[in-house]
Amino acid sequence: MIGVSANGLVMRFDGVTAVDDVTFDVAPGEFVTLLGPSGCGKTTLLKMISGFLQPHAGSIRLGDEDITRVPPEARDTALCFQSYALFPHLSVRENLEFGLRQKRLSRDERRRRVEEVASTLELDPQMDKLPNQLSGGQQQRVSLGRALVMRPGVILFDEPLSNLDARLRDQVRILIRRVQRDFGLTAIYVTHDQSEALALSDRIFVMNAGRVEQADTPEALYYRPRTGFVADFIGGANILRGRLTAQTAPGEWAVDTPIGVLTARVDAPRRGAEVHLCWRPETAELAADGLPAQVLHRAFQGHFTDLAVATNGVPYRIQVPRTQAREGDEIRFRIAPEHVVVLEAGP
Amino acid sequence: MTLGRAAYILMLLSPGIGLIVVFIGAVVYIAVAQSFGYYNLIGESGFSWSFWIEGIDRKSYLRAVRYSLYVGLTSAFLSVALAYPLALWLRKPFPGSMTISAILKAPLLVHGIVAAFLFLNVISYHGILNQMMVWLGIFDEPRRLQNDEHAIGLIFLQVWKNMPFALLLLTGAVQAISDDVLNAAQDLGAGAWQRFLTVIAPLTVSAMQASLIIIFIGALADFTFQTTIGPTNERSLAQYMTFMKDRGRWNDAAVVGVTLMALSLAGSVLLAVVSRLAFRGRRK
C-alpha cells in the first residue's frame, strides 16, 4: 500500500483556473472521493494524479517518490475510465492481460493474476468474449479487473458508475468497495453523486471552483459542514443567516433568524455577530412548543414525509417520520442545538 | 428468398454491377485470350503457350517484374508509414491543423504528369535543389539527380503523390479511436510505439490494408512517373507492355498485361494477409 499527496497543485486552461492551489494527503489503503459539481476541477485533479495532465504549479508524490513529471505509463497508478475504455479488438482475457504484457511478466504470472481477478469479479464465463458482447456492468467489471491485475499502488476511478442503471450501480459500488478493501488498495474516486460518495468513502474532498472546500469523513461532512456550499451540496441543508443574541447554556447561544430564534452550539461566540447556520431537514422534530411554519407542499416518501414549509416568507424543508399535516396547515417544530451548525462561510 | 424476388433484386442491381462485370470481364478476357495467342492482330490466331514461355524466359521481363514490384511495394509501405504519424498528429484539431491537413492533401489535386514535370524542374541540373545545395556548400557543383538508377526520385514522387491518399483514409480511422482507449493503453504501461502496435494499428488495419493495396496497384502499374523521372536502365511493366505494343507484338504485350493484373491481385492479397497477421486481433 502506498499513499498519495499533492502540494499546491494549479492547473489552468486558456486563462481559466481549473484547479487552484490544491493540497491534500491520502493515506495508504484509504478510499477518498473527489466530489463536486460539473466543472469544479475533480476530473482535472484526477488526470494530474494519473499523469495525463501536467500541473502548472505544485507537486504530486506517490509514497516518497515525486511523480509530478513522470509520464502515465511509468506511474504506479491504474485508472478506471467512465467510458470503460476497453480495447474493442481484444477479448476480455486479452484486455485483462494487456498491462501485464507491457510489464513483460511471465506467462504463468499473467495467467495467475488474470484468473485470480476474473474469479473475484465473476468474469470467468466472459473471458473469450469481445467487449461489445458484454453488458455495461460486465464491461465495468472488466475495466476494474484490468486495473486490479496491475496491482497498482493507487487505483483511480473517473465516475465509473455514471453509465450504469440504478440497480447495477448499487452492485458495482459494493463490488468496488469490497475489492478495494480485499486488495488493500489506495483509491481515489471521482463522482458528482453525493450518495455514491457518502456510501463508498473513508474521506470525501468536496471541491468547488477548483478548490477543496472541505476534506472530511462522510459523517463529518454531513453533520458538521464548514461552508454553505458543502452543507447544500451534501444532502441539501437549510441555510439561514442569523445573529448571536444571548447565551442560553454553556456553549449554546440563541441565534435570531428570519424564521425565529434557534439555539446553536457555538465554539467562539461574539455577541451580536452575524453567522450562517445550517441544519438538516430530518433533524427537525414536530413539537407543540416549537417554531411555527406553514406547509407549502407535502411529499410522502415512505419512511418519511418531506414538507416544503415557510416562515415569514422564508422557504425551507423539514422531514418527519409521520405526520398528517397537509398543504396550508400550520405546524410547529424544533431543532436540538447539537443539530444546528454554525458555518465558517455562507453559500 | 423466392426466385421471383431474387430475380427482381438481380434486375435492380444489373445496371450497376452488370456494367462493371461486362467492362472488367471484357478487358480481362481479351488480355488473357490474347496472351494465349487469340485475337492476334498481325498473324494467325489460335491457342499457344509460346508467348508465355518466351515471355517468362526473357531477362527483360523478369527484370521489369522485379523493378515494378520494388516500386509498388516500396511506395505503398513508405506512403502508409509516413501517413500514420501525420494522421496521429492531426487526430486532434489545433490552431492551423486544417491548413496543414489541406496542404498535405494538395498533391491529390495535382495530376501525375504535372507532378512529374514539377519534380523534374526541382531536381534538374539547374533546378532549385541543385542551386540550394551549391549555395549551402554541400555540392561543389550541380549534380545529375534526375533518372537516378535506384529510382529514389521516382519513389519520392510516388510517396508525395500517394501519401495524401493514405492520410485521407487513415485520418478517419485514427480519429475513430477514442481518447479514453489510447489513454487506457498508456495508463497500463504502453509507450508510444507499443500503443501504435497494440491499439492503433489493429483498430485501423482495414484503412491500412485499403491504403497499401490501392497505392501498391497504382505504383506497380506506373507509366507516367517512370517515363518522366524513372531510371533509364530499368523498365516498369507498364513501360515494357507499351514497348511490346509499339512494336506490334500484341500477344507479348498481353502477357505483360496479364502479369500486371496477376501481380496486382497476388500483391493485394499478400498485403492484406500480412497486415492482418502482423496486427493480429479480432475486429469489432
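Residue positions are given per chain, counted from 1 along the sequence in the order it is written. Think of it this way: whatever chain is written first is A, whatever ligand is written first is 1, and the rest follow in order. Local features in this predicted model are restricted to residues of pLDDT 70 or higher, and side-chain atom pairs are both shown and tallied only at a pLDDT of 80 or more, whereas totals for entire chains, interfaces and linings draw on every residue. Hydrogen atoms and water are omitted, and side-chain values are computed over all heavy atoms in the structure.

J.: It is not clear to me how the overall build of chain B should be interpreted in this structure. Could you clarify?
T.: Under the scheme used here, helices are H or I runs from DSSP no shorter than 4 residues and strands are E runs no shorter than 2 residues, and both carry numbers assigned from the N terminus. Along the backbone of chain B there are 13 helices and 0 strands. Once the C-alpha set of chain B is aligned to its principal axes, its extents read approximately 75 × 70 × 30 Å. Each residue gets one of three labels from its accessible area relative to the maximum for its type: buried under 20%, exposed over 50%, partly exposed in between, using a 1.4 Å probe on protein chains only. Expressed as a percentage of the 284 residues in chain B, the buried residues total 43%. Only heavy atoms matter for contacts: two residues are in contact if any of them lie within 4.5 Å across the pair. Partitioning the contacts of chain B with sequence separation of at least 6, the portion at a separation of at least 24 is 71%. Accessible surface is estimated by sampling points in the Shrake-Rupley manner with a 1.4 Å probe; for residues, cover comes only from the protein chains shown. Of the accessible surface of chain B, which amounts to about 15,700 Å², a share of 70% is contributed by carbon and sulfur atoms. Between the centroid of the 21 positive side chains of chain B and the centroid of its 14 negative side chains there is a distance of 10 Å. Two residue types count as positive, namely Lys and Arg, and two as negative, namely Asp and Glu; His and chain ends fall outside the count. A charged residue contributes its charge at one atom only: NZ of Lys, CZ of Arg, CG of Asp or CD of Glu.

J.: It is not clear to me how the overall build of chain A should be interpreted in this structure. Could you clarify?
T.: Secondary structure assignment for chain A yields 8 helices and 19 strands. Principal-axis analysis of the C-alpha atoms places the extent of chain A at approximately 75 × 45 × 40 Å. When burial is assessed residue by residue, chain A has 54% of its 347 residues classed as buried. Across chain A, every contact between residues at least 6 apart in sequence was considered, and the portion connecting residues at least 24 apart equals 65%. As displayed, chain A offers around 15,500 Å² of accessible surface, 46% of which is attributable to carbon and sulfur atoms. Once the 41 positive and 44 negative side-chain charges of chain A are each reduced to a mean point, those two points are 3 Å apart.

J.: What am I meant to see in the interface of chain A and chain B here?
T.: A common way to express how large an interface is: the accessible area buried when the components associate. Facing 24 residues of chain A, the contacting portion of chain B comprises 21 residues. Two parts placed together each lose some accessible area under a 1.4 Å probe, and the buried area is that loss summed for both. Regarding the contact of chain A and chain B, the summed buried area is about 2,000 Å², with carbon and sulfur atoms giving 61% of it. Whenever a carboxyl oxygen of Asp or Glu lies within 4 Å of a side-chain nitrogen of Lys or Arg, that contact is scored as a salt bridge. For the interface between chain A and chain B, the tally reads 0 salt bridges. Between N or O atoms, a polar contact is any pair within 3.5 Å; within protein, one atom must be a potential hydrogen donor and the other a potential acceptor, and residues adjacent in sequence are included only when both atoms are from side chains. Along the contact surface separating chain A from chain B lie 4 residue pairs in polar contact (both at pLDDT 80 or more). Those elements giving two or more residues to the side of chain A that touches chain B turn out to be strand S6 (77–80) and helix H2 (92–102) of chain A. Each residue is assigned to one of three groups, with Ala, Val, Leu, Ile, Met, Phe, Trp, Tyr, Cys and Pro labelled nonpolar, Asp, Glu, Lys and Arg labelled charged, and all others, Gly among them, labelled polar. Among the residues forming the side of chain A that touches chain B, the class breakdown is 13 nonpolar, 8 polar and 3 charged.

J.: Help me understand the UniProt feature "transmembrane region" (unreviewed entry) in chain B in this model?
T.: UniProt positions are given in the numbering used here, feature names are shortened, and annotations may be inferred rather than shown by experiment. Summarizing the sequence annotation, UniProt attributes the feature "transmembrane region" (unreviewed entry) to residues 7–32, 67–90, 102–123, 196–221 and 253–279 of chain B in the numbering used throughout. As annotated, residues 253–279 of chain B comprises 96% helix and 0% strand, and the C-alpha atoms at either end are separated by 38 Å.

J.: Whenever I open this one, the UniProt feature "domain: ABC transporter" (unreviewed entry) in chain A confuses me. Can you help?
T.: Look at the UniProt record and you will see "domain: ABC transporter" (unreviewed entry) annotated at residues 4–234 of chain A. Structurally, residues 4–234 of chain A comprises 36% helix and 26% strand, and the distance from its first C-alpha atom to its last is 25 Å.

J.: Explain the pattern of salt bridges here, please?
T.: Opposite charge on two side chains makes pairing possible when the charged atoms of those side chains draw close. Residue and element names in this part refer to chain A. All told, the structure shown has 24 salt bridges over all chains when counted by the stated rule. Across the pair Arg-112 and Glu-109 runs a salt bridge, and its minimum N-O distance is 3.0 Å. Of the two residues, Arg-112 and Glu-109 both sit in helix H3 (residues 107–120), 3 residues apart, roughly one turn of that helix. Accessibility expressed as a relative area gives 44% for Arg-112, which makes it partly exposed. When salt bridges that share partners are traced, they join Glu-97, Arg-101 and Arg-110 into one network.

J.: What exactly am I supposed to notice about helix H8 (residues 179–187) of chain B here?
T.: An α-helical turn contains 3.6 residues, so a residue and the one three or four places further along point in the same direction. Among all positions of H8(B), only B:Val181, B:Leu182, B:Ala184, B:Ala185, B:Gln186 and B:Asp187 are buried. Buried residues in H8(B) make contact with helix H1 (42–50), S6, H2 and helix H4 (136–148) of chain A together with helix H9 (192–203) of chain B. Residue B:Gly189 follows H8(B) closely and has a positive phi angle near 105°.

J.: Would you mind going over the UniProt feature "domain: ABC transmembrane type-1" (unreviewed entry) in chain B with me for this structure?
T.: In this structure's numbering, the residues bearing the UniProt feature "domain: ABC transmembrane type-1" (unreviewed entry) are residues 65–271 of chain B. The span residues 65–271 of chain B is 74% helical and 0% strand by assignment, and the distance between its end C-alpha atoms comes to 17 Å.

J.: Please clarify how the side chain of A:Ser5 should be interpreted in this entry.
T.: Locating A:Ser5 in the fold gives a position in strand S1 (residues 4–13). Once residues lying within four places of it in the same chain are set aside, the contact partners of A:Ser5 are A:Phe24, A:Asp25, A:Ser59, A:Ile60 and A:Arg61.

J.: Can you help me understand the environment of A:Ala308 in this one?
T.: Residues and elements named next belong to chain A. Within the element layout of this structure, Ala-308 appears in strand S16 (residues 305–311). What makes Ala-308 partly exposed here is its relative accessible area of 25%. Sequence separation between Ala-308 and Val-295 is 13 residues, and the spatial gap between their C-alpha atoms is 6.1 Å. Excluding residues that lie within four positions of it along the chain, Ala-308 makes contacts with Gln-294, Val-295, Leu-296, His-297, Tyr-316 and Arg-317.

J.: Would you explain the sheet that holds S6(A) in this entry?
T.: Picture the strands of a sheet paired through backbone hydrogen bonds; they go either parallel or antiparallel. Residues and elements named next belong to chain A. Only when DSSP finds a minimum of two bridges between them are two strands counted as paired. Spatial ordering of the open sheet is given by S6-S7-S8-S3-S9-S10, a layout of 6 strands whose pairing is mixed. Only two strands of the sheet have a single partner each, and these edge strands are S6 and strand S10 (211–216). When the angles between neighbouring strand axes are averaged without regard to direction, this sheet yields 20°. Bridge count between strand S7 (residues 154–158) and strand S8 (residues 186–191): 5 bridges; the pairing is parallel. Considered in S8, the bridge of Ile-155 is made with Ala-187. Every axis in this analysis is a line fitted to C-alpha atoms, fitted for helices over the stretch in contact. Angles between the N-to-C directions lie between 0 and 180 degrees.

J.: What exactly am I supposed to notice about the nonpolar core here?
T.: What tends to happen in soluble globular proteins is that the nonpolar side chains get buried as a cluster. What makes a nonpolar core is a set of buried Ala, Val, Leu, Ile, Met, Phe, Trp, Tyr and Cys residues whose side-chain atoms join them at distances within 4.5 Å. Core analysis: the biggest nonpolar cluster contains 131 residues, and A:Val4, A:Phe24, A:Leu45, A:Phe87, A:Leu144 and A:Ile188 have the highest contact counts within it. In terms of residue count, the dominant contributor to this core is helix H3 (residues 59–89) of chain B (11 residues). Core analysis: the next-biggest nonpolar cluster, separate from the first, contains 26 residues, A:Leu244, A:Tyr316, A:Ala325 and A:Val340 among them.

J.: Is there a simple way to explain a nonpolar patch on the surface in this structure?
T.: Residue and element names in this part refer to chain B. Surface patches are drawn from residues lacking salt bridges whose relative accessible area is over 30%; two like charges belong together within 9 Å, two nonpolar side chains (Val, Leu, Ile, Met, Phe, Trp, Tyr) within 5 Å. The grouping of Met-1, Tyr-8, Ile-9, Met-11, Leu-12, Leu-13, Ile-17 and Val-21 at the surface amounts to a nonpolar patch, some 850 Å² of accessible area in total. Along the polypeptide, Ile-9 turns up in helix H1 (residues 3–35). For Ile-9, a relative accessible area of 32% gives the class partly exposed.

J.: I'm lost on the pairing of strand S12 (residues 252–257) of chain A in this one. Help?
T.: Across a regular strand the side chains alternate sides, sitting on one face of the sheet and then on the other. Residue and element names in this part refer to chain A. Along S12, 5 of the 6 residues are buried, which leaves the element largely enclosed by surrounding structure. A loop of 2 residues connects strand S11 (residues 238–249) with S12, the two strands running antiparallel in sequence, and Gly-251 in this loop sits at a positive phi of about 80°. Relative to strand S13 (residues 260–265), S12 runs antiparallel, the two sharing 6 bridges. The residue of S13 that forms the bridge with Val-255 is Leu-262.

J.: When you look at the packing of aromatic side chains in this model, what are you seeing that I'm missing?
T.: Aromatic ring pairs: the centre-centre distance and the angle between the two ring planes describe each pair. Residue and element names in this part refer to chain A. Aromatic pairing here means that ring centres of Phe, Tyr or Trp (its six-membered ring) are within 6.5 Å. Orientation follows from the plane angle: under 30 degrees is stacked, over 60 is edge-to-face, and everything else is tilted. One pass over the full model with this rule turns up 22 aromatic pairs over all chains. Where Phe-31 meets Tyr-189, the ring centres are 5.7 Å apart and the plane angle is 40°; that geometry is what we call tilted. Note that Phe-31 is positioned in strand S3 (residues 31–35) and Tyr-189 in strand S8, a separation of 158 residues in sequence. Among the residues examined, Tyr-189 registers a relative accessible area of 0% and is labelled buried.

J.: It is not clear to me how the confidence of the model for chain B should be interpreted in this structure. Could you clarify?
T.: Should the pLDDT be low somewhere, the predicted coordinates at that spot are not to be read in detail. Residue and element names in this part refer to chain B. Confidence in the prediction of chain B, expressed as mean pLDDT, is 93, and 98% of residues score 70 or more. Confidence scores differ between elements of chain B, with H1 showing the lowest mean pLDDT of 90 and H3 the highest of 97. Scoring the predicted complex yields pTM 0.84 and, for the interface, ipTM 0.84. Per-residue confidence from the predictor is given as pLDDT, running between 0 and 100.

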